[in-house]
Amino acid sequence: MNIGFQPIYQLTQEQVNTWVEEGQQRSQFGQLPSYIPQLAQVNPQEFVVKILTLQGQSHQAGNEALRFPVMSVIKCFLLLNRLLELGEERVFQRVGVQPSDQPFNSLKQLESDGGWPRNPMINSGAIALAGLLPGKDADTRCQYLCSWLNQFANCQLVLDPDILESVRSAPNAKNQALVSTLAAAGYVEHPEITLDTYNQICCLSATISDLAKLGLLLLQPTNLPWEIASRTVKTLMLTCGLYETSGQFAVQVGVPTKSGVSGAVLSIIPRQGAIACYSPPLDQQGNSIGSLFFIEKMVRTLNLSLFN
Ligand code: GLU
């Protein structure tokens, strides 16, 4: 028996509200990202949380109707989709499973690895996997992933044309260099379509409920291949999901977690449920300060670490 184990059902709305308030205060020390102009214009005080359990329990705080781009949180679901459609062998011919201590868009890391993308949770790895989505162009490829997720997670992701326009208005030299290096090393075939696909899937927008429902996809396997693929995704979220902070967060908190530069963060509590958070100000590594604070508080208070 696991002494001290307190499942999510003990969570109270009062705790949720208190941690949201504390998280909001801490987020004042963060910065909005400036390299995607529209992300620099959002309300930094926005703080939205949704917790969904496998038993149907739900807790929330903040504006549930608010839509935000999922950004890098999509990397988990791109990986899930590609594993299920192509199988592990083909996916891991294109991307590794090694953590990186370099920033999420590091060209230095990719170059020092000879053009081999380290893992699917950093930009190089996700760009390589975006190159494996089916379809003749980026629009079709993005739409394919979006429909697949909406169908299986019962959510309503949509491409946000304004944020996509904003991404395109300030071409990201780092991601362009990553895709060229990947192409030169033979890990990407159509660099332009691939980068456009990657940009589009990062601009899929969600409500906080959509994000939590996506999390449940990793907890409700309908068959054995799904179970194996979601286990792989959760493992890589734990080891690589928060970029160079992943190891520290695994020790301090201990649940698979993926962040996005919009301030969206998704954590999975194996066998129990999903925590979705959105709070835009980021720390130096590009992770949402408020969201990580909330998740840490909840996981530690309720003893939800995987390693308890
Ligand atoms: N589209 C963003 C980028 O490539 C995603 C990064 C992130 O969310 O961490 O810069």
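Refer to the structure above for everything that follows.
Residues numbered from 1 in each chain as written. Predicted model: local features only at pLDDT ≥ 70, side-chain atom pairs only at ≥ 80, totals over all residues. Heavy atoms only, no water.

## Concerning the pairing of strand β7 (residues 264–269)
Burial runs high along β7: six of the six residues are buried. Residues Ala264, Leu266 and Ile268 of β7 are buried on one face, and the alternating residues Val265, Ser267 and Ile269, pointing to the opposite face, are buried as well. Two strands pair when backbone bridges link them, and strand β6 (residues 257–259) and β7 are joined in this way by three bridges, in the antiparallel orientation. Looking at the pairing, Lys258 lines up with Leu266 of β7. Linking two consecutive strands that pair antiparallel, namely β6 and β7, is a turn of four residues; a positive phi of about 105° is found at Gly263 within it. Strand direction decides the pairing type here: β7 and strand β8 (residues 273–278), joined by six bridges, are antiparallel. Bridge pairing in β8 places Val265 opposite Cys277. From the end of β7 to the start of β8, which pair antiparallel, there are three residues, and Arg271 there has a positive phi angle of about 65°. (Buried < 20%, exposed > 50% of the residue type's maximum accessible area, 1.4 Å probe, protein only. Helix = DSSP H or I, 4+ residues; strand = E, 2+ residues; numbered from the N terminus. Pairing = 2+ DSSP bridges.)

## Some words on the packing of aromatic side chains
Scanning the entire structure with this criterion turns up seven aromatic pairs. With a centroid separation of 5.9 Å and 75° between ring planes, the pair formed by Trp19 and Phe294 is classed as edge-to-face. In this pair, Trp19 is assigned in helix α1 (residues 13–27) and Phe294 in helix α13 (residues 289–301), connecting sequence segments 275 residues apart. The exposure classification of Trp19 matches that of Phe294, with both residues buried. Between Phe152 and Trp226, the aromatic rings sit 5.3 Å apart at their centres with planes inclined by 50°, giving tilted as the arrangement. With Phe152 in helix α6 (residues 138–153) and Trp226 in helix α11 (residues 224–240), this pair connects stretches of sequence that are 74 residues apart. An aromatic cluster is built from Trp148, Phe152 and Trp226, whose rings are joined through pairwise contacts. (Phe/Tyr/Trp six-rings, centres within 6.5 Å; stacked < 30°, edge-to-face > 60°.)

## Things to note about α11
Taking 1.5 Å per residue as the helical rise, α11 with its 17 residues ought to reach 24 Å, and the 24 Å between its terminal C-alpha atoms agrees with that figure. Those residues of α11 that sit buried are Trp226, Ala229, Ser230, Thr232, Val233, Lys234, Leu236, Met237, Leu238 and Cys240. Its side-chain oxygen 2.9 Å from the backbone nitrogen of Trp226, Asn223 forms the N-cap of α11. (Expected span 1.5 Å × (residues − 1). Polar contact = N/O pair within 3.5 Å; in protein donor to acceptor, adjacent residues only side chain to side chain.)

## Examining the pairing of strand β2 (residues 58–61)
Residues His59 and Ala61 point to one face of β2 and are all buried, whereas Ser58 and Gln60, pointing to the other face, are not buried. In terms of strand pairing, strand β1 (residues 48–53) meets β2 through four bridges, oriented antiparallel. What sits directly across from Leu52, in β2, is Ser58. The antiparallel hairpin formed by β1 and β2 contains four residues in its connecting segment, where Gly56 sits at a positive phi of about 95°.

## What to know about the sheet that holds β6
An order of β2-β1-β8-β7-β6 is seen for the five strands of this open sheet, with the pairing classed as antiparallel. The outermost strands of the open sheet, each flanked by one partner alone, are β2 and β6. Strand-to-strand twist in this sheet, taken as the mean axis angle between neighbours without regard to direction, amounts to 10°. Packed on one face of the sheet, helix α10 (residues 208–217) meets β1, β7 and β8 and runs near 145° to β8. (Axes fitted to C-alpha atoms, helices over the stretch in contact; angles between N-to-C directions. Contact = heavy atoms within 4.5 Å.)

## Some details on the sheet that holds strand β3 (residues 68–69)
Taken together, three strands build an open sheet; the order of strands is β3-β5-β4 and the sheet is antiparallel. With one partner strand each, in any of the chains shown, β3 and β4 (158–159) form the two edges of the open sheet. As paired elements, β4 and strand β5 (residues 204–206) share two bridges and run antiparallel to each other. Residue Leu159 lies in a different strand from β5, and its bridge partner there is Leu204.

## Points about unusual backbone geometry
For Met71, which is not glycine, the phi torsion reads 50° and is therefore positive. With respect to the element layout, Met71 can be found in the loop between β3 and α2 (74–86). Take Met71: its relative accessible area is 5%, and that puts it in the buried class. Despite not being glycine, Tyr243 has its phi angle at roughly 55°, a positive value. Looking at the secondary structure, you find Tyr243 in the loop between α11 and α12 (246–252).

## Notes on the site of the ligand
Around the ligand, the neighbouring residues are Tyr35, Met71, Ser72, Phe104, Asn123, Asn172, Asn175, Tyr198, Cys202, Tyr243, Gly260 and Val261. At 2.8 Å, a side-chain N or O of Ser72 approaches an oxygen atom of the ligand. Here the ligand has 300 Å² of accessible area as a free molecule, and 98% of this is covered by the chains. Across the shell around the ligand, the residue classes tally to seven nonpolar, five polar and no charged. (Near = heavy atom within 4 Å. Areas by Shrake-Rupley, 256 points an atom, 1.4 Å probe, with all protein chains shown as cover. Nonpolar A, V, L, I, M, F, W, Y, C, P; charged D, E, K, R; others polar.)

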